[in-house]
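Observations on the model geometry
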Amino acid sequence: DAKTTQPPSMDCAEGRAANLPCNHSTISGNEYVYWYRQIHSQGPQYIIHGLKNNETNEMASLIITEDRKSSTLILPHATLRDTAVYYCIVRPYGGSQGNLIFGKGTKLSVKP
Amino acid sequence: DGGITQSPKYLFRKEGQNVTLSCEQNLNHDAMYWYRQDPGQGLRLIYYSQIVNDFQKGDIAEGYSVSREKKESFPLTVTSAQKNPTAFYLCASSRGQENSPLHFGNGTRLTVT
């Protein structure tokens, strides 16, 4: 079973920030939070990951709460091309990357 | 450009036939993975390999086989023993180091009738 809980769907207006929440209340101290997204009929694309500090890259920002039980992926200026299913995943440090458990994710619809 | 190539994009087979899906990467990654995705579902791990000539079963390995004779190639065979082979198959690779993310191919959609 997935160790994360995400809303099944969200809408966002084009040009606005998209804030995608993820609950991982059972996360362990050595587990990282990863975000991937999957555009229809394509392979998933890596977005960002973090342990406890907030992270930012050219695609998104990741905000992890102080107790690490939840996180938020932020797409600062959503475009129509950001419409996709977004997966939040926890992975233990030292474990095989293949043991990532992809749940059903959040389907983000960016609307004009 | 570096990446992962899966071929073909669409594959059709008759029930009872084995079929092999191709996965090639030129990223010089040590680890490679196969996942299966069913409509509206997340990804499930079939097999993975962290080095050449070695691989491990994932959560749903029954009815599948793999080989890893070369670093850049990790073909998946869907055998006739797989009860529900129709699915979207995704191959991925990673450097295999701590925290290195997965890079995915664009998948092969297999339909068995």
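Scroll up to find the structure.
Everything in this summary refers to the structure shown in the same document.

Cut-offs applied
- Residues numbered from 1 in each chain as written.
- Chains lettered and ligands numbered in written order.
- Predicted model: local features only at pLDDT ≥ 70, side-chain atom pairs only at ≥ 80, totals over all residues.
- Heavy atoms only, no water.
- Core = buried A, V, L, I, M, F, W, Y, C linked by side-chain atoms within 4.5 Å.
- Buried < 20%, exposed > 50% of the residue type's maximum accessible area, 1.4 Å probe, protein only.
- Helix = DSSP H or I, 4+ residues; strand = E, 2+ residues; numbered from the N terminus.
- Disulfide = S-S within 2.5 Å.
- Contact = heavy atoms within 4.5 Å.
- Buried area = accessible area lost by both parts, 1.4 Å probe.
- Salt bridge = Lys/Arg side-chain N within 4 Å of Asp/Glu carboxyl O.
- Polar contact = N/O pair within 3.5 Å; in protein donor to acceptor, adjacent residues only side chain to side chain.
- Pairing = 2+ DSSP bridges.
- Axes fitted to C-alpha atoms, helices over the stretch in contact; angles between N-to-C directions.

1. A look at the nonpolar core
- Counting residues in hydrophobic clusters, the biggest one holds 21 residues, and the most contacted among them are Trp 35, Leu 73, Tyr 86 and Leu 108 of chain A.
- No other element matches the four residues that strand S8 (residues 84-92) of chain A contributes to this core.
- Residues Cys 23, Val 78, Ala 87 and Tyr 89 of chain B belong to the second largest nonpolar core, which totals 20 residues.

2. As for the state of the cysteines
- In the structure shown here, the tally under the stated rule is two disulfides over all chains.
- The disulfide that involves Cys 22 of chain A links it to Cys 88 of chain A, with 2.1 Å between the sulfurs. Taking the torsion about the S-S bond as the criterion, the Cys 22 of chain A to Cys 88 of chain A disulfide, at about -85°, is left-handed. Pair noted here: Cys 22 of chain A is in strand S2 (residues 18-23) and Cys 88 of chain A is in strand S8, with a separation of 66 residues, a long-range link. Side by side, Cys 22 of chain A and Cys 88 of chain A carry an identical accessibility label, which is buried.
- Each sulfur in the disulfide pair Cys 23 of chain B and Cys 91 of chain B lies 1.9 Å from the other. Measuring handedness by torsion sign, the sulfur bridge of Cys 23 of chain B and Cys 91 of chain B sits at about -75° and is left-handed.

3. Considerations on the interface of chain A and chain B
- On the chain B side, the residues contacting the 22 residues of chain A number 23 residues.
- For the pair chain A and chain B, the summed buried surface comes to about 1,800 Å²; carbon and sulfur atoms form 49% of the total.
- Counting the contacts that link chain A with chain B gives zero salt bridges.
- Seen at the junction of chain A and chain B, the total is five residue pairs in polar contact (both at pLDDT 80 or more).

4. Considerations on the side chain of His 29 of chain B
- Mapped onto the elements, His 29 of chain B comes out in the loop between strand S3 (19-25) and strand S4 (31-37).
- Not counting chain neighbours up to four residues away, the residues in contact with His 29 of chain B comprise Arg 68, Lys 71, Ser 93, Ser 94, Arg 95 and His 103 of chain B.

5. Some thoughts on the sheet that holds strand S5 (residues 55-56) of chain A
Residue and element names in this part refer to chain A.
- Taken in spatial order, the four strands line up as S2-S7-S6-S5 in an open sheet, and their pairing is antiparallel. Edge positions in the open sheet fall to S2 and S5, since each of these has one partner strand only.
- Pairing of S5 with strand S6 (residues 61-64) involves two bridges; the strand directions are antiparallel. The residue of S6 that forms the bridge with Glu 55 is Leu 62.

6. A closer look at the pairing of S4 of chain B
Residues and elements named next belong to chain B.
- Counting buried positions along S4 gives seven out of seven residues, so the element sits mostly inside the fold.
- Burial along S4 is two-sided: Ala 31, Tyr 33, Tyr 35 and Gln 37 and Met 32, Trp 34 and Arg 36, pointing in opposite directions, are all buried.
- Where S4 folds back onto strand S5 (residues 43-51) in an antiparallel hairpin, the turn is made up of five residues, including Gly 40, whose phi is positive at roughly 75°.

7. Details of unusual backbone geometry
- Here the amide bond leading from Ser 7 of chain B into Pro 8 of chain B is cis, since omega sits at -10°, within 30 degrees of zero.
- By the element assignment, Pro 8 of chain B lies in the loop between strand S1 (4-7) and strand S2 (10-13).

8. Things to note about the pattern of salt bridges
Residue and element names in this part refer to chain B.
- Under the definition given, this model contains five salt bridges over all chains.
- Residue Asp 38 is joined to Arg 44 by a salt bridge in which the shortest nitrogen-to-oxygen separation is 2.7 Å.
- Residue classification places Arg 44 among the partly exposed residues on the basis of a relative accessible area of 39%.
- Residues joined by salt bridges that share partners form a network here, namely Arg 36, Asp 38 and Arg 44.

9. Focus on the sheet that holds S3 of chain B
All names here are of chain B.
- As summarised here, the arrangement of the four strands in space is S1-S3-S8-S7, forming an open sheet in which the pairing is antiparallel. Taken across any chain shown, the strands that pair with only one partner, and hence form the sheet edges, are S1 and strand S7 (64-66). Across the sheet, the mean angle separating the axes of adjacent strands is 20° when strand polarity is ignored.
- Relative to S3, S1 runs antiparallel, the two being bridged by four bridges. Note on S3: the bridge partner recorded for Ser 7 is Ser 22.

Scope: geometric values only; no functional claims are made or implied.
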